[in-house]
Structures are given as structure tokens and as C-alpha cells.
Amino acid sequence: MTAQPQPNTFRMGPDERGRFGIYGGRFVAETLMPLILDLEKEYQAAKTDPAFHAEMNGYRTHYIGRPSPLYFAERLTEHLGGAKIYLKREELNHTGSHKVNNVLGQILLARRMGKERIIAETGAGSHGVATATLCARFGLKCIVYMGAVDVARQAPNVFRMKMLGAEVVPVESGSKTLKDALNEALRDWVANVHDTFYCIGTVAGPHPYPEMVRDFQSVIGDETKAQMQEAEGRLPDSLFACVGGGSNAMGLFHPFLDDPEVAIYGVEAAGHGLSGLNAASIAGGAPGILHGNRTYLLMDRDGQIEEGHSISAGLDYPGVGPEHAWLNDVGRVKYLSATDDEAVEAFQVLSKLEGIIPALESAHAIAKVIELAPDMPKDHLMVVNLSGRGDKDVPQIAERLGSSL
Amino acid sequence: MTARLDARFAQASAQGRAALVTFVTAGDPDHETSLEILRALPKAGADIIELGMPFTDPMADGPAIQAAGLRALAAGETLVKTLDLVRAFREQDQTTPIILMGYYNPIYVHGVERFLDEARDFGVDGLIVVDLPPEEDEELCLPALSVGLAFIRLATPTTDDKRLPAVLKNTAGFVYYVSVAGITGSATPDFNVVGAAVTRLKRHTKLPVAVGFGVKTPEHAAAIAAAADAVVVGSAIVDTVAKSLDGENRATASTVPAVADLVSRLAAGVRRGRAAA
């Protein structure tokens, strides 16, 4: 990918066909096409409607608890002895992760469109919990599709969703994980086109989802920019975020894409390592078409999709948002990866040094900070998106470390 | 470019009946049995064969066709083998049209140009690729047309009159009307509504209209045949394959006969359709 002409801006995409370079698009069955066109029209109208933003900002402040703090991680910084590390505290949001930022936007849009039945897919359960929460808040029917394998390993979140009044449907088809939950949600949508709104949890799927979810998540980067200005009087030098589908990363990155002095790093899940089972679509995959968009996918030589593997159910997806695929190819964002072992180590380091238990997903980003920060000068300002809290992962970590609860 | 398809529809029409389109998944339950099934279909009364290209993530398909695809993949079916199945079928049958049906990713990974050349050379007549709406025509539809392969589009209950011209624009061979908003093998459609939908489509196109999704029995086939130019049956056939297998998903002596028996009853149903109407 050398010597490509660089665009004047990295923030213009997608084009009118929903493409970021060759990525993105609208690869869906005809039954869904009219719905997707309608959604695009409604979203564009909402996007330019000050009343929509005013409503969203009200709930952001009073229901989610935004802005989330940009916190100087003093002990982690001292421990690593290099870059000055800030954590963007998305785990302090209501429901415990960044997922709620997107769900709020989509649910307000669904209400504008008069849809009363909300469906969602979920991997770790964070998006499912956020969707169930907003549906409870607005009195909407909520159905969450979750791979049967994930239902088993994320029991606390399954129960949370049920408490919130959602119906959780364990998906037994295919590999019984997040990709199959997405398939099943799409099948539901095709069969219930008249009253159903599909609330996708990440910056993937057919246009306009990657753009819309990115826009709703960009509040993370917008706040970070202002907060860093206030704390240090300048831009950060580097940004780190974990990437599964990539919504927390895109939300942090997008407002900084046209600031060339800011180095940007996405961290994929390397699972057992890049030569073994992993979920690093960019590092280990190739361009293909799945779930409505063209992007990097883990697949075999015959184009059959392979299961992702990560200790973190939220990163366990064989694809990645199309805008990430494009940002990789044009070289604006550098994609790294962290193994299961590195993430578990980072999980413990942050818990012990800062008193913050991170989600296993976010721990992947922390792992790369632990690796790279020591070599940076002390005036290097590093921001890592702490996208979720790790309570949901405690049983799994306990088991891995040989403790019984 | 649609010679075999045109001839088949003309033949059915001359006989005063709708055509029967049968769907089977390539490589289900294994490559060799799948070829035997293919060869048995025309003899049992199938006019057109839709051959499913297995994919791990068939998001428009219900449980029956999902399972058939996974069986085929587990037995080692690939896109290369599926194309080879068509080549082998064509050695003995030069008249029955074959439509490949599936999802875009295996084709994209195989290489669009290479796929189209091989498909044409091996005797494929048309393609149905579920996740390529008209908005993505330049991916595969236009290249397919340029090498002489028909691209058959699905029209659905959500395709309104405003959108229909875009859907029909580059469609060749026939139009496939999806009788219910849903996945394959789902609820049985309301036959009166289907009749009205076919009438609506015919206002927009001169192409034959095939109707599928939820057609499970000879009686359903007869009811659809009264209104449509062709009836598509898929899930019921792959279900019959599934029920004929042993405990380890292997073919048994009854696999091919069971499929042939169902198809001959469906063919009889299709032939009753107009007579009853």
C-alpha cells in the first residue's frame, strides 16, 4: 500500500453509494433494500435537524452521564515510565460501555420513524444490554439475538437483558457466535419489515449503518479533543482503541483523522496469536463481502467465512467496519494486535494500578499501551479508549486464573 | 443468451402449464450423490434447476437451506466443485437450464471474471445472487450480462412500483417473485395475494414470472401454478434430502428416489394448476 495518493481529507466518506474506497456498500437482499434506502433518507433528515440533536444531547447528559471523563492515569504512567497516559472513561457511561452512545441515537431515530419493535445482535452482551436499556426507557419491544456460545460465556449480561424486559434469542445456527447472531437478526428483519428497526451495534453492515454508527460514536473523539485541550492545551500525540467491528475506535478516531500530528492505532484481537486462532480481520484477513458490506474478512480460500477467536466475545467477529478497512489501506490508521494472554495481563495491570477493571475488549488496547508507552518521551500524550468496564468478564478471568468464585 | 431458458418457458407455455423450478444445494449430502440428484431432476419433471452454491452465512435462507449448505461444506464442496457439477451434468443434458444461486463472497474471492467465464463455458444459464441488489449492478450483474449469462433478480413484497423498474432493468431470463417478506422455507404465502403480485409484475415486464418461498407441497405448487409462469420449490426438496440421510448425514439408498418422488408429485401439482383454475 505504498505511494497511494492521499486524500485531502479522511473525513468525507462514505460516498453516495456508501463506499469508503472499495469498502462498504449495500450488499443486501432485495427485501431489505427499500428499508435501507428509507433509513438513509430518515437519518439524513435527522442529522440536519437541530431538534434531533437537542433531544439526543439531553439524554446524553442526563441519562448516559456524558461527557465521560478524560482521566490522567498517573500510576500506570509512572509504572511504564514513558508516555503520559490518559484514559477516556467510556466505561462510566450508563450501561457500562460506549455502546449506549450509538443505541441512543438509533433508538431516537426509530422513534422518529414510528418503529415499535427493535432487534439487535450482540456478542459480549454490551450492545444487547444498551439496546435493552433504551428500549425499556422508551417502552419499545426488544429482541436480542446472541450466539448460543456467547450466551453461555456471558451469563451476567444475558440476565441483565432479561431484567430490562428484552427477549434474548440464543442463536444455534452456524458457529453460534456474533456473526451468526447478525445473520439471524437480518433474517428477522426480512420477515418483519413493517414494524421493525434493526439497531446494529457496530460500524459495519450495509450503508448507512457504518456512517450512522460512527456519527453517534464520534462524541467520544469530540469530547476527547476538547478535554485534552483543556488539560494540556494541545492535541494528543497518539490514540489507542480496540477494534472488533470497531465502533469505539471509530468514535475516538474520526474527529482526529485530519490532524496529521496525531498517530492513531487500532488494536485487533490476535487470540492465540496471528498464526493461530484469532479475530484480527485486517492483519489476517482479505477483502470480501459479508453482512451487507465489503471489508476485510477472515475466510478460507473458497470464500467461506471462518470463525473469529478471541478471549473477548466482543472482539470475536470475523470482519471489521469498512471505514477501518479503508483507513488501513490508505495508511492513516495503523492496526496492531494483542493476544489473549496480553489482554489478560493488561486487565490485571490496570485493575491493580488504577483501580479500574477494564472490559477484556478494552484490555487489548491497554496491552499495546503497556508495550509502546515505555519507549515514548514523557511529554508524549497518549489517549486510550476505555470502552467498557470489566465486571462482565470477572467470572471468565477467575476461571482462567484458576480461582473459583 | 437465454436460449435454454426461453425454450423451456415456451415449451411449458405451449403445454398450457407453468414450469417447475427445483432448488437443490450443490454437494448436498456429498458431491457424487448431488450429481445423481441433479440428473434425476429433469426425469422427475423439473423444468429448470436452481443449484445452490453453499455459503457459511446464508442470511436470506431459512433453517433447511442453511443446513443443506453446511452439510455440503462439511462434505468438502467448493465453488470449483460446484462449477464442475454443472459441467458433468451438461455432458448428459444439454436442454435443462441451470441457474446458480448463492451469495457474492465465494464468487468475489474466486474472481468475478474467472467465475463468469467458467460458468458460461460449463453450461450455466443464469445467476441469482441474493446479496447483490440493483445498486451493486456493476459488481457482477453487468459483467455477467456481457459474457452472456442471465442475471435473475428477486422482486419482493417490499419492492414497490416506484422501485420495480430499477429491479427489472438488467434482469434477464425470468423474474423471481419472492412470495413472502421473509427467508426461504418460511410461512406459506397467501395465494390470492401472490396472484395480484404476479399481475402487478406483468404490468412492468414481458419476462416470465416465477414464484417461490414457502411453496412446500404439490397442492401449494398447483395453487401458485394457476397464477405464475413458474413455481420454485427449494426447502421442501432439501428437507427431503435431509430426512433420507443416515445418522452421520451420509446418503442412503433412498436419497435420490425420495427426491425424485417429491419432484414428480410437485410436477403433477404444477400440471394440475391451470386445469383447476
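Here the structure is a predicted model, which means the values were calculated and not measured.

1. Considerations on the overall build of chain A
Part 1 of the argument: Helix and strand counts for chain A come out as 16 helices and 14 strands.
Part 2 of the argument: Whereas a compact globule of 405 residues would reach a radius of gyration of roughly 22 Å, chain A reaches 19 Å, a difference of no more than 12%.
Part 3 of the argument: Structurally, chain A occupies a C-alpha span of about 55 × 55 × 50 Å along its principal axes.
Part 4 of the argument: Across the 405 residues of chain A, 65% fall into the buried class.
Part 5 of the argument: Taking as baseline every contact in chain A between residues at least 6 positions apart, the subset at least 24 positions apart corresponds to 74%.
Part 6 of the argument: For chain A, the exposed area adds up to about 13,800 Å²; of that, 52% sits on carbon and sulfur atoms.
Part 7 of the argument: Of the charged side chains in chain A, 38 are positive and 51 negative; the average position of the first set lies 2 Å away from that of the second.

2. Quick word on the pattern of salt bridges
Side chains that carry opposite charge are capable of pairing whenever their charged atoms lie near each other.
Part 1 of the argument: Summed over the entire model, instances satisfying the criterion amount to 50 salt bridges over all chains.
Part 2 of the argument: For Arg19(A), the salt bridge is made with Glu139(B), and the minimal N-O distance between the two is 3.0 Å. One end of the pair, Arg19(A), is in strand 1 (residues 19–20); the other, Glu139(B), is in the loop between strand 4 (126–129) and helix 7 (141–146), on a second chain. Just as Arg19(A) is buried, Glu139(B) falls in that class too.
Part 3 of the argument: Notably, a salt bridge pairs Glu91(B) with Arg87(B), separated by 2.9 Å at the nearest N-O pair. Pair noted here: Glu91(B) and Arg87(B) are both in helix 4 (residues 79–92), with a separation of four residues, about one helical turn.
Part 4 of the argument: Classification of Glu91(B) as exposed rests on a relative accessible area of 54%.
Part 5 of the argument: Judged by its relative accessible area of 32%, Arg87(B) is partly exposed.
Part 6 of the argument: Because the salt bridges share partners, they merge into one network encompassing Arg17(A), Arg19(A), Arg294(A), Glu136(B), Glu138(B) and Glu139(B).

3. Describing the packing of helix 5 (residues 126–138) of chain A against helix 7 (residues 155–163) of chain A
Helix-helix packing: each pair is described by the crossing angle between the helix axes and the interaxial distance.
All names here are of chain A.
Part 1 of the argument: At their nearest, the axes of helix 5 and helix 7 sit 9 Å apart, and the two run at 10° to each other. Here helix 5 is positioned roughly parallel relative to helix 7, judged by the angle of their axes. In the packing of helix 5 onto helix 7, the handedness of the crossing is left-handed. The residues of helix 7 that touch helix 5, namely those facing Ser126, Gly128, Val129 and Ala132, are Asn157, Arg160 and Met161.
Part 2 of the argument: When grouped by side-chain class, the residues that make up the contact of helix 5 with helix 7 number three nonpolar, three polar and one charged.

4. Quick word on the environment of Phe52(A)
Residues and elements named next belong to chain A.
Part 1 of the argument: Along the polypeptide, Phe52 turns up in helix 2 (residues 50–64).
Part 2 of the argument: Taking the C-alpha atoms as reference points, Phe52 and Ala363, 311 residues apart in sequence, are found 34 Å from one another.
Part 3 of the argument: Apart from residues lying up to four places away in sequence, Phe52 is in contact with Ala46, Gly105, Leu108, Leu109, Arg112 and Phe216.

5. Considerations on the packing of helix 9 (residues 209–217) of chain A against helix 10 (residues 219–232) of chain A
Residue and element names in this part refer to chain A.
Part 1 of the argument: It is the contact of helix 9 with helix 10, at a shortest axis distance of 5 Å, that shows an interaxial angle of 35°. Along its contact with helix 9, which presents Asp215, Phe216 and Gln217, the element helix 10 presents Val219, Ile220 and Gly221.
Part 2 of the argument: Residues of the contact of helix 9 with helix 10, tallied by class, amount to three nonpolar, two polar and one charged.

6. Quick notes on the sheet that holds strand 1 (residues 19–25) of chain B
Residues and elements named next belong to chain B.
Part 1 of the argument: Here nine strands make up an open sheet; going across it, the order is 5-4-3-2-1-9-8-7-6 and the pairing parallel. Strands at the two margins of the open sheet, each flanked by one partner only, are strand 5 (150–151) and strand 6 (154–155).
Part 2 of the argument: For strand 4 and strand 5, the ladder comprises two bridges, and the chain directions are parallel. Its bridge partner lying in strand 5, Gly126 is registered against Ala150.
Part 3 of the argument: Contacts from helix 2 (residues 31–44) reach strand 1 and strand 2 (48–52), with the element oriented near 175° to strand 1.
Part 4 of the argument: Across the sheet, helix 4 is in contact with strand 2 and strand 3 (98–102); its angle to strand 3 comes to roughly 165°.

7. A look at the nonpolar core
Part 1 of the argument: In this structure, Leu109(A), Trp189(A), Tyr198(A) and Tyr176(B) are the most contacted members of the largest nonpolar core, which totals 91 residues.
Part 2 of the argument: Those residues in contact with Tyr176(B) that sit more than four places away from it in its chain are Glu50(B), Ile128(B), Ile152(B), Arg153(B), Leu154(B), Ala155(B), Ala210(B), Gly212(B), Phe213(B) and Val232(B).
Part 3 of the argument: The next biggest cluster of nonpolar side chains, apart from the first, holds 69 residues, and it includes Leu20(B), Val24(B), Val124(B) and Val259(B).

8. Quick look at the pairing of strand 8 (residues 209–212) of chain B
Residue and element names in this part refer to chain B.
Part 1 of the argument: Neither face of strand 8 is exposed, since Val209 and Val211 on one face and Ala210 and Gly212 on the opposite face are all buried.
Part 2 of the argument: As for the winding sense of the linkage, the β-α-β connection from strand 7 (residues 175–178) through helix 9 (residues 191–204) to strand 8 is right-handed.
Part 3 of the argument: For strand 8 and strand 9 (residues 230–233), the ladder comprises two bridges, and the chain directions are parallel. The residue of strand 9 that forms the bridge with Val211 is Val231.

9. Some points on the interface of chain B and chain A
Part 1 of the argument: Chain B puts 36 residues into the contact, and the matching count from chain A is 37 residues.
Part 2 of the argument: Surface buried jointly by chain B and chain A totals about 2,900 Å² across both partners, of which 53% is contributed by carbon and sulfur atoms.
Part 3 of the argument: The largest share of the area that chain B buries against chain A comes from Asp57(B), Met59(B) and Thr158(B), three residues that together contribute 21% of it.
Part 4 of the argument: Where Glu136(B) meets Arg19(A), a salt bridge forms, and the shortest distance between an N and an O atom there is 2.5 Å.
Part 5 of the argument: Only helix 3 (63–74) and helix 5 (104–110) of chain B provide two or more residues apiece to the side of chain B that touches chain A.
Part 6 of the argument: The biggest single contributor to the side of chain B that touches chain A is helix 5 of chain B, with five residues.

10. What about the UniProt feature "active site" (unreviewed entry) in chain B?
Part 1 of the argument: With numbering matched to this structure, UniProt assigns "active site" (unreviewed entry) to Glu50(B) and Asp61(B).
Part 2 of the argument: Here Glu50(B) shows up in strand 2.
Part 3 of the argument: Of the residues examined, Glu50(B) reaches a relative accessible area of 1% and is grouped as buried.
Part 4 of the argument: Non-local contacts of Glu50(B), meaning those with residues more than four positions away in its chain, are made with Val21(B), Thr22(B), Phe23(B), Val24(B), Ile99(B), Met101(B), Ile128(B), Tyr176(B) and Val232(B).
Part 5 of the argument: With respect to the helices, strands and loops of the structure, Asp61(B) is situated in the loop between strand 2 and helix 3.
Part 6 of the argument: Not counting chain neighbours up to four residues away, the residues in contact with Asp61(B) comprise Arg187(A), Gln66(B), Tyr103(B), Ile183(B) and Thr184(B).

11. Describing the confidence of the model for chain B
Low-confidence regions, as indicated by low pLDDT, have predicted coordinates that should not be scrutinised in detail.
Part 1 of the argument: Confidence in the prediction of chain B, expressed as mean pLDDT, is 95, and 99% of residues score 70 or more.
Part 2 of the argument: The ipTM assigned to the predicted complex is 0.95, against a pTM of 0.96.

12. Some points on the environment of Val241(B)
All names here are of chain B.
Part 1 of the argument: Tracing the backbone shows Val241 in helix 11 (residues 235–244).
Part 2 of the argument: For Val241, a relative accessible area of 2% translates into the label buried.
Part 3 of the argument: Put simply, Val241 and Asp28 are 213 residues apart on the chain and 7.9 Å apart in space, counted from C-alpha to C-alpha.
Part 4 of the argument: For Val241, the residues in contact, after removing those within four places along its chain, are Asp28, Pro29, Ile37, Arg71, Thr255 and Val259.

13. Looking at the packing of aromatic side chains
Part 1 of the argument: Tallied over the entire structure, the rule returns 15 aromatic pairs over all chains.
Part 2 of the argument: Here the aromatic cluster, defined as three or more aromatic residues joined through ring pairs, consists of Phe27(A), Tyr104(B) and Tyr108(B).
Part 3 of the argument: The positively charged end of Lys84(A) is found above the aromatic ring belonging to Phe72(A), 5.0 Å away from the centroid.
Part 4 of the argument: When the ring centre of Phe138(A) is taken as origin, the NZ or CZ atom of Arg137(A), which lies over that ring, is 4.8 Å away.

Criteria and thresholds
- In every chain, residue numbers begin from 1 and rise along the written sequence.
- Working convention: letters from A go to chains and numbers from 1 go to ligands, in the order in which they are written.
- The predicted origin of the model limits local features to residues at a pLDDT of at least 70 and limits the giving and counting of side-chain atom pairs to 80 or more, whereas totals for whole chains, interfaces and linings rest on all residues.
- Heavy atoms from the whole structure form the basis of all side-chain values; hydrogens and water molecules are not counted.
- We count a stretch as a helix when DSSP gives it H or I for four or more residues in a row; a strand needs E for two or more, and each element gets its number in order from the N terminus.
- For the radius of gyration, the atoms used are the C-alpha atoms, and the globule rule reads 2.2 Å times the number of residues raised to 0.38.
- Summary of the burial criterion: residues with accessible area below 20% of their type's maximum are buried, those above 50% are exposed, and those between are partly exposed, where the area comes from a 1.4 Å probe applied to protein chains only.
- Contacts between residues were defined by any pair of non-hydrogen atoms, one from each residue, lying within 4.5 Å.
- In these tables, accessible area is a Shrake-Rupley quantity obtained with a 1.4 Å probe, and a residue counts as shielded only by the protein chains included in the view.
- For the purpose of charge, His is not counted, nor are the chain termini; Lys and Arg are scored as positive and Asp and Glu as negative.
- Working definition for charges: the position is that of NZ of Lys, CZ of Arg, CG of Asp or CD of Glu.
- Any Lys or Arg side-chain nitrogen found within 4 Å of a carboxyl oxygen on Asp or Glu counts as a salt bridge.
- Axes here refer to lines fitted to C-alpha atoms; in helices the fit is confined to the stretch in contact. Angles between the N-to-C directions go from 0 to 180 degrees.
- Angles are sorted into four bins: roughly parallel if under 35 degrees, roughly antiparallel if over 145, roughly perpendicular if 65 to 115, and oblique for all others.
- Crossings are sorted by hand: turned counterclockwise from the far helix by less than a right angle, the near helix makes the crossing left-handed, and turned clockwise it makes it right-handed.
- Under the convention adopted here, Pro, Cys and the residues Ala, Val, Leu, Ile, Met, Phe, Trp and Tyr are nonpolar, Asp, Glu, Lys and Arg are charged, and Gly plus all remaining residues are polar.
- A pair of strands is treated as paired once DSSP finds two or more bridges between them.
- Throughout, nonpolar core names a set of buried Ala, Val, Leu, Ile, Met, Phe, Trp, Tyr and Cys residues whose side chains join them through atoms within 4.5 Å.
- Convention used here: a crossover is right-handed provided that the path from the first strand, over the helix, to the second strand proceeds clockwise when the strands point away from the viewer.
- By buried area we mean the combined loss of accessible area, with a 1.4 Å probe, across both parts when two parts are placed together.
- UniProt positions are given in the numbering used here, feature names are shortened, and annotations may be inferred rather than shown by experiment.
- Confidence of the predictor in every single residue is expressed as pLDDT, which spans 0 to 100.
- Two aromatic rings, drawn from Phe, Tyr or Trp (for Trp, its six-membered ring), form a pair once their centres lie within 6.5 Å of each other, and the interplanar angle then sorts them: stacked below 30 degrees, edge-to-face above 60, tilted otherwise.
- Definition used: whenever NZ (Lys) or CZ (Arg) falls within 6 Å of the ring centre and also within 35 degrees of the ring normal, the charge is taken to sit over that ring.

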